[in-house]
Amino acid sequence: MIEVWGRRSSSNVQKVIWALDELGLEFKRHTVGGGFGGTHDPSYLKMNPNALVPVLRDGDITMFESNAIVRYLAARYGEGGLRPTAPRALAAAEQWMDWQQLNVVPHISAIFWNLVRVPADQRNDTAIAQANARLKEVLAIADATLGSSAWFAGDQFSFGDIVLGVLYWRYSRMDGERPDTPNIRRWFEALQQRPAYRKWVMVEVGNNIAEWNANEKALG
Ligand SMILES: N[C@@H](CCC(=O)N[C@@H](CS)C(=O)NCC(=O)O)C(=O)O
């Protein structure tokens, strides 16, 4: 059976387990990382020398890097579904996955880190303001794209929706103002109708470090 190592509260783990569920694949998950530790054990470092989650094992394939894992799963088990077959849609899924990772994730992560993951007296308000300003620009780009198609790769959900899908849920739950992006709103509402998204991504991780610690533990 497919195995995944990683705590459920990790956004990078969520990408993988959401994708597995979208593909209808059974998997066994091992809770490691964060407060659970285990990522510096020699046996874990053999699978991922970066001491980070997630790790995936599928038969004789063991790999790390969440986006690469999602691409691998989609190629092996989701041809024509999670991985579009038509060259134009495939190109779009590839493009938008990389774009989301490089242009959106760093800013949502900076806000999340400063609002949720560090105690209030260590919060960097300048970093939050800079991330918010940049997000306004990049989310306008995503919004324009979703103005002409239901999903990032066209009229079907694909791996091109996974990265922003995970991060946007967190962004939607954090305190603070968000730009008005009607097409992203419509896309986000459609995501929330997907059972696998509801199960693995739409979980509460909290609004401050105490809530984070409690939720990390509860989620496992
Ligand atoms: N580029 C890697 C980043 C992995 C990563 O940074 N994972 C974080 C959790 S989101 C981690 O392992 N943090 C330390 C820990 O949980 O122990 C990927 O996408 O898989």
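Residues numbered from 1 in each chain as written. Predicted model: local features only at pLDDT ≥ 70, side-chain atom pairs only at ≥ 80, totals over all residues. Heavy atoms only, no water.

Residues Trp18, Leu56, Leu73, Phe159 and Trp187 are the most contacted members of the largest nonpolar core, which totals 71 residues. Setting aside chain neighbours within four positions, we find Leu56 in contact with Ile2, Glu3, Val4, Val16, Ile61, Thr62, Met63, Ile69, Tyr72 and Leu73. (Core = buried A, V, L, I, M, F, W, Y, C linked by side-chain atoms within 4.5 Å. Buried < 20%, exposed > 50% of the residue type's maximum accessible area, 1.4 Å probe, protein only. Contact = heavy atoms within 4.5 Å.)

Attention now moves to the pairing of strand β1 (residues 2-5). The two faces of β1 match: Ile2 and Val4 on one face and Glu3 and Trp5 on the other face are all buried. For β1 and strand β2 (residues 27-30), the ladder comprises 4 bridges, and the chain directions are parallel. Among the inter-strand pairings, Glu3 is bridged to a residue of β2, identified as Lys28. Each parallel crossover has a hand, and the one from β1 via helix α1 (residues 11-22) to β2 is right-handed. Note: β1 against strand β3 (residues 55-58), 3 bridges, orientation antiparallel. Paired with Glu3 across the two strands is Arg57, which belongs to β3. (Helix = DSSP H or I, 4+ residues; strand = E, 2+ residues; numbered from the N terminus. Pairing = 2+ DSSP bridges. Right-handed = clockwise from strand over helix to strand, strands pointing away.)

Attention now moves to the layout of surface pockets. There is about 600 Å³ of room inside the largest pocket. Forming the walls of the largest pocket are 29 residues, and the residues nearest its centre are Arg7, Ser10, Ser11, Asn12 and Val53. Those elements that place two or more of their residues in the lining of the largest pocket are α1, α3 (66-77), α5 (105-117) and α7 (162-173). Looking at the lining of the largest pocket element by element, the count peaks at 6 residues for α5. Classifying every residue of the lining of the largest pocket gives 12 nonpolar, 12 polar and 5 charged. Both domains that meet at the lining of the largest pocket, namely domain 1 (2-77) and domain 2 (87-208), each give it at least three residues. (1 Å grid on protein atoms, 1.4 Å probe; cavity = no way out; pocket = protein on both sides within 12 Å on 5 of 7 lines; lining within 4 Å. Points joined across faces, edges and corners; volume = space filled by probe spheres on them. Nonpolar A, V, L, I, M, F, W, Y, C, P; charged D, E, K, R; others polar. Domains from an automatic or database assignment.)

This part is about the domain arrangement of the protein. Under the domain assignment used here, the protein contains domain 1 (2-77) and domain 2 (87-208). Just the C-alpha atoms count here: the centres of domain 1 and domain 2 sit 21 Å apart. The interface of domain 1 with domain 2 comprises 16 residues on the first partner and 22 residues on the second. Both sides together, the interface formed by domain 1 and domain 2 hides about 1800 Å², and carbon and sulfur atoms give 61% of it. When the area that domain 1 buries against domain 2 is broken down by residue, the three leading residues are Gln14, Trp18 and Arg71, summing to 39%. (Buried area = accessible area lost by both parts, 1.4 Å probe.)

Surveying the vicinity of the ligand reveals the residues Arg7, Ser10, Asn12, Gly33, Gly34, Leu52, Val53, Pro54, Glu65 and Ser66. In this structure, Asn12 approaches the ligand through a side-chain N or O atom, which is 3.4 Å from an oxygen atom. Within the side chain of Glu65, a nitrogen or oxygen atom sits 2.7 Å from a nitrogen atom of the ligand. Protein chains shield 72% of the accessible area of the ligand, which is 500 Å² for the free molecule. When each cavity is represented as a set of grid points, the ligand is found to reside in the largest pocket. Partitioning the shell around the ligand into residue classes produces 3 nonpolar, 5 polar and 2 charged. (Near = heavy atom within 4 Å. Polar contact = N/O pair within 3.5 Å; in protein donor to acceptor, adjacent residues only side chain to side chain. Areas by Shrake-Rupley, 256 points an atom, 1.4 Å probe, with all protein chains shown as cover. Sits in = over half its atoms within 2 Å of the grid points.)

Put simply, helix α6 (residues 125-145) and helix α8 (residues 182-191) touch, their axes get as near as 7 Å, and they point 70 degrees apart. The orientation of α6 relative to α8 falls into the category roughly perpendicular. Crossing angle aside, the handedness with which α6 passes α8 is left-handed. On α8, the residues touching Leu139, Ala142 and Asp143 of α6 are Pro182, Asn183 and Ile184. The residue inventory of the contact of α6 with α8, partitioned by class, reads 4 nonpolar, 1 polar and 1 charged. (Axes fitted to C-alpha atoms, helices over the stretch in contact; angles between N-to-C directions. Parallel < 35°, antiparallel > 145°, perpendicular 65-115°, else oblique. Left-handed = near helix turned anticlockwise from the far one by under 90°.)

Applying the stated criterion to the full structure yields 12 aromatic pairs. The ring of Trp151 carries the charged tip of Arg194 above its face, separated from the ring centre by 5.6 Å. The ring of Phe157 carries Arg194 above its face, with NZ or CZ at 3.9 Å from the centroid. (Phe/Tyr/Trp six-rings, centres within 6.5 Å; stacked < 30°, edge-to-face > 60°. Lys NZ or Arg CZ within 6 Å of the ring centre and 35° of its normal.)

Topologically, Asp143 is positioned in helix α6. There is a polar contact of 2.8 Å between the side chain of Asp143 and the backbone nitrogen of Ile184. If we skip the residues at most four places from it in the chain, Asp143 touches Thr181, Pro182, Asn183 and Ile184.

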